[in-house]
Amino acid sequence: MTDPDDTIDTLAGEYVLGTLDAAERADVAARRLHDTTLDAAIGEWEIRLAPLGLITAAVSPPAGVFQRIEQRLSDPVQAREPNGTQEATMVIVWRRRADRWRRIGITATALAASLVAWTVWREATLNAFPDRYVGVFAQDDVLPRFYLTIDLKTRELTIRPVGAKQQPGKTYQLWIASEKLGGAPQSLGLMEDSLASTTKVLSQYDPALLHSATFGVSLEPEGGSPTGRPSPGALHTKLLPIAH
Amino acid sequence: MHLTPSDLSGLVKRVGQGDREAFARLYDATSAKIYGVALAVLRRPALAEDVLQDTYVRVWNNARSFDPNRASPITWMATIARNRAIDEARKRPVLSLEAMPAGFDIKDPQPLPSDLLVAACDQQRLAACMEALGPDRQRLVALAYLEGRSREELGKQFGHPEGTIKTWLHRALKQLKVCLSS
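A quick note: this is a predicted structure, and the numbers were derived from the prediction, not measured. (Residues numbered from 1 in each chain as written. Chains lettered and ligands numbered in written order. Predicted model: local features only at pLDDT ≥ 70, side-chain atom pairs only at ≥ 80, totals over all residues. Heavy atoms only, no water.)

1. Structural notes on the environment of Ala78(B)
Phase 1: Positionally, Ala78(B) belongs in helix H4 (residues 73–90).
Phase 2: Residue Ala78(B) is classed as buried on the basis of its relative accessible area of 1%. (Helix = DSSP H or I, 4+ residues; strand = E, 2+ residues; numbered from the N terminus. Buried < 20%, exposed > 50% of the residue type's maximum accessible area, 1.4 Å probe, protein only.)

Spelled out as structure tokens, the structure:
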């Protein structure tokens, strides 16, 4: 059963992403004028995706365009705008140096250009903070159940559930396993509230160990695993190597 | 000449009062960005030029109601341009992947002060959350956004039916939303 708010949110997301077809776009453009939920969702998606807008390159427009704009504005008929979609908020600006394009050997296709620009931005952004990592606990490769982020410098780990159901009488427990620890999983403690984020500072482990460790989440009786080991069915993840 | 965000907001305010000279200066400062946005989606200079015109006409007509607390001027303008460009792209048959037309001057743009750009931590967060989508899905999302591609175009490009693309997009959007709110 679909949650009606869910549909509005993915509709808004696709609208901002730009993937809707003409009829759907016209529908959203009209609907958002009176549907405040949809309008707000669109605004939120524009904020979320704003950094992608940084990637678009500036290109000098042809000469004479401004004169044409002025001419249109001085003619009351032409000064009317074409039927378009309402603007909302958010960012599309990036600055890019022309020589960087040449250095990375940009080819002529527009497709390659966007992907190259994307790659350059991605690597520059991720490499700016090489100590941050992300781990995803996925179930059946569908919706992930938990997101884990860790800052190796501060050794602060945050685990956040997604769609993980609150199970009465049970609790989620976090584990770490590493050859350097002898292989058997060690408990990192319980997730106090399975519906909210939990943050732990793992100062007892050194960053190199954390970097290569496997993290696990298991569902246990309240109070944690009675055996000191994860119960069957635990999800695990390694940290995504987003630093190069 | 460096224009600060408040310089640009000041120009927009004056445009709202009917100041043609401010309008010309605003155009000079921002048109390359706006044209770039239109071109990324349309990849056809004539169409991109139309969108460029439409955008500034709309800016002139709506400058009075621009609220600098909601967005920076260039973001406001770029969103107008991108929406117009995608609307135009949808009216036309799917464009085959063609070469960037010759003679484009990818300008080394006027440097903008860093507070006009998206905060570094927001960039980092999105980059990390995109990473978590995996290589295929992040490319799907990136291409969709940067080039305003429809599901149909993405389907052709990735070699999958539209229905599959839609499912992937919805999953990716849901994942991003959760990841970004953590």
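2. Structural notes on the pattern of salt bridges
Phase 1: This model, assessed by the stated rule, comprises 17 salt bridges over all chains.
Phase 2: Arg68(A) is paired through a salt bridge with Glu49(B); the nearest N and O atoms lie 2.7 Å apart. Here the residue Arg68(A) occupies a position in helix H4 (residues 65–74), and Glu49(B) occupies one in helix H3 (residues 45–62), the pair thus bridging two chains.
Phase 3: You can call Glu49(B) buried: its relative accessible area is 15%. (Salt bridge = Lys/Arg side-chain N within 4 Å of Asp/Glu carboxyl O.)

3. Thoughts on the pairing of strand E4 (residues 170–177) of chain A
Residue and element names in this part refer to chain A.
Phase 1: With respect to burial, E4 is a largely interior element, 7 of its 8 residues being buried.
Phase 2: Note: E4 against strand E7 (residues 214–221), 8 bridges, orientation antiparallel. Counted as the bridge partner of Ile-176 is Phe-215 from E7.
Phase 3: Looking at chain direction, E4 and strand E5 (residues 186–190) are connected through 4 bridges and run antiparallel. Considered in E5, the bridge of Trp-175 is made with Ser-187. (Pairing = 2+ DSSP bridges.)

4. Topic: the sheet that holds E7(A)
Residue and element names in this part refer to chain A.
Phase 1: Overall, antiparallel pairing links the 4 strands, which are arranged E5-E4-E7-E8 in an open sheet. Edge strands, defined here as strands with exactly one partner in the open sheet, are E5 and strand E8 (235–238). Pairs of neighbouring strands in the sheet enclose a mean axial angle of 25°, with direction left out of account.
Phase 2: In this sheet, E8 lies alongside E7 in antiparallel orientation, the contact comprising 4 bridges. Bridge assignment links Gly-216 to a residue of E8, and that residue is His-236. (Axes fitted to C-alpha atoms, helices over the stretch in contact; angles between N-to-C directions.)

5. Let's talk about the nonpolar core
Phase 1: Leu17(A), Leu49(A), Leu52(A), Trp118(A), Met130(B), Val141(B) and Leu176(B) are the most contacted members of the largest nonpolar core, which totals 46 residues.
Phase 2: Taken together, the elements giving at least two residues each to this core come down to helix H1 (4–17), helix H3 (36–53), helix H6 (110–128) and strand E1 (132–138) of chain A together with helix H5 (120–131), helix H6 (135–147) and helix H8 (162–180) of chain B.
Phase 3: By residue number, the principal contributor to this core is H8(B), which donates 9 residues.
Phase 4: Met130(B) has contacts with Leu52(A), Trp118(A), Gln138(B), Val141(B), Ala142(B) and Leu176(B), leaving out every residue within four places of it along the chain.
Phase 5: Among the nonpolar cores identified, the runner-up in size contains 40 residues, and Ala22(B), Leu26(B), Tyr35(B) and Leu42(B) belong to it. (Core = buried A, V, L, I, M, F, W, Y, C linked by side-chain atoms within 4.5 Å. Contact = heavy atoms within 4.5 Å.)

6. Focus on the packing of aromatic side chains
Any pair of aromatic rings gets described here by the distance separating the centres and the angle formed by the planes.
Phase 1: One pass over the full model with this rule turns up 6 aromatic pairs over all chains.
Phase 2: Centroid distance Phe66(B) to Trp76(B): 4.8 Å. Interplanar angle 35°. Geometry classified as tilted. Linking Phe66(B) in the loop between H3 and H4 with Trp76(B) in helix H4, this pair joins segments that are 10 residues apart in sequence.
Phase 3: A relative accessible area of 12% places Phe66(B) in the buried class.
Phase 4: Taken together, the aromatic side chains of Phe66(A), Phe23(B), Tyr27(B), Tyr56(B) and Trp60(B) make up a single cluster linked through ring pairs. (Phe/Tyr/Trp six-rings, centres within 6.5 Å; stacked < 30°, edge-to-face > 60°.)

7. Some details on unusual backbone geometry
Phase 1: The backbone phi angle of Arg155(A) is positive, close to 60°, even though this residue is not glycine.
Phase 2: Position of Arg155(A) among the secondary structure elements: in the loop between strand E2 (144–151) and strand E3 (156–161).
Phase 3: The phi angle at Arg43(B) is positive, at roughly 55°, despite the residue not being glycine.
Phase 4: Structurally, Arg43(B) can be placed in the loop between helix H2 (20–42) and H3.
Phase 5: Residue class for Arg43(B) comes out buried when judged on its relative accessible area of 5%.

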